[in-house]
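Here are the chains, one letter per residue:
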Amino acid sequence: MPSTQISGYGPAPGRYVPAPLAAALSRASSVVPNGCDHSFVALLDAYRPSGGLARVDEVNHQLERRRGHDAATLERWIRQGAVISFDWQSQTWLPWFQFAAADELPAASVATVLAALHPVFDAWETAQWFARPNAALDDRAPVDVIVADPAAAERAARIDRFVVTG
């Protein structure tokens, strides 16, 4: 689906922008004709190669079926900030990649990066941060790097946190 930016505002497509600026730009440029939320569609596209996004009830169903976890387990992980989650249209969404490791639910590397981002990035900004190319990762997205090089993803998170907080 092609995207449209209103009045030419916004960063170059796919480029990471620090949280405060991203929030302002998002308000100015995320609405496209026909009521489609450009930012959510961009996240769907960005996470598709790593397994995509799912609503919380879908993730709960899979975790119950495969691992015997109940809904309270995922709720606890979300509350603790151990998994990436964000709300869109009254639904909580989670990227699947963070549940890929059979022995780590949630993946420890994701929780470590989230801890670095949490004080300054809200849930939506965090989901975008993982999905967008990052200069500290040679313009690769953290979602594409975190499994092979979790330390690099954590360094990138700390750099971006520093950029935002000074």
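About the cut-offs
Residues numbered from 1 in each chain as written. Predicted model: local features only at pLDDT ≥ 70, side-chain atom pairs only at ≥ 80, totals over all residues. Heavy atoms only, no water. Axes fitted to C-alpha atoms, helices over the stretch in contact; angles between N-to-C directions. Helix = DSSP H or I, 4+ residues; strand = E, 2+ residues; numbered from the N terminus. Parallel < 35°, antiparallel > 145°, perpendicular 65-115°, else oblique. Left-handed = near helix turned anticlockwise from the far one by under 90°. Contact = heavy atoms within 4.5 Å. Nonpolar A, V, L, I, M, F, W, Y, C, P; charged D, E, K, R; others polar. Buried < 20%, exposed > 50% of the residue type's maximum accessible area, 1.4 Å probe, protein only. Phe/Tyr/Trp six-rings, centres within 6.5 Å; stacked < 30°, edge-to-face > 60°.

Novice: Even after reading the chapter, I still don't get the packing of helix α2 (residues 38–47) against helix α6 (residues 123–131), so can you show me in this structure?
Specialist: For any two helices packed against each other, the geometry comes down to the angle between their axes and how far apart the axes lie. Orientation of α2 relative to α6, taken along the N-to-C sense of each, is 40°, at an axis distance of 9 Å. By the angle class used here, α2 and α6 are oblique. Judged by the twist between their axes, the crossing of α2 over α6 is left-handed. Contact residues: α2 offers S39, F40, L43, A46 and Y47, while α6 offers W124, A127, Q128, F130 and A131. For the contact of α2 with α6, the residue count by class is 8 nonpolar, 2 polar and no charged.

Novice: How should unusual backbone geometry be read in this particular structure?
Specialist: Peptide bonds are, in most cases, trans, and in most cases residues other than glycine have a negative phi. The phi dihedral of Q89 falls on the positive side, at around 50°, and the residue is not glycine. Here Q89 is to be found in the loop between β2 (86–88) and β3 (91–95). Its relative accessible area of 58% is what places Q89 among the exposed residues. Although it is not a glycine, D138 adopts a positive phi angle of roughly 55°.

Novice: Got a minute to help me understand the environment of V143 in this structure?
Specialist: Mapped onto the fold, V143 is located in helix α7 (residues 142–145). Residue classification places V143 among the buried residues on the basis of a relative accessible area of 7%. Here the alpha-carbon distance between V143 and Y47, two residues 96 residues apart in the chain, equals 7.8 Å. Among residues more than four places away in sequence, those in contact with V143 are Y47, S50, F97, F130 and A131.

Novice: Can you help me understand the packing of aromatic side chains in this one?
Specialist: The description of two aromatic rings rests on the distance between their centres and on the angle between their planes. Counting across every chain of the model gives 10 aromatic pairs. Ring geometry for F40 versus W88: centroids 3.7 Å apart, planes at 5°, classification stacked. Of this pair, F40 sits in helix α2 while W88 sits in strand β2; the two residues are 48 residues apart in sequence, bridging distant segments of the chain. The buried category is assigned to F40, whose relative accessible area is 4%. The class of W88 is buried, set by a relative accessible area of 19%. Taking the centre distance of 5.1 Å and the plane angle of 85° together, the rings of W129 and F130 count as edge-to-face. You'll find W129 and F130 in the same group, each marked buried. Aromatic ring contacts, followed pair by pair, group F40, F86, W88, W93 and W124 into a single cluster.

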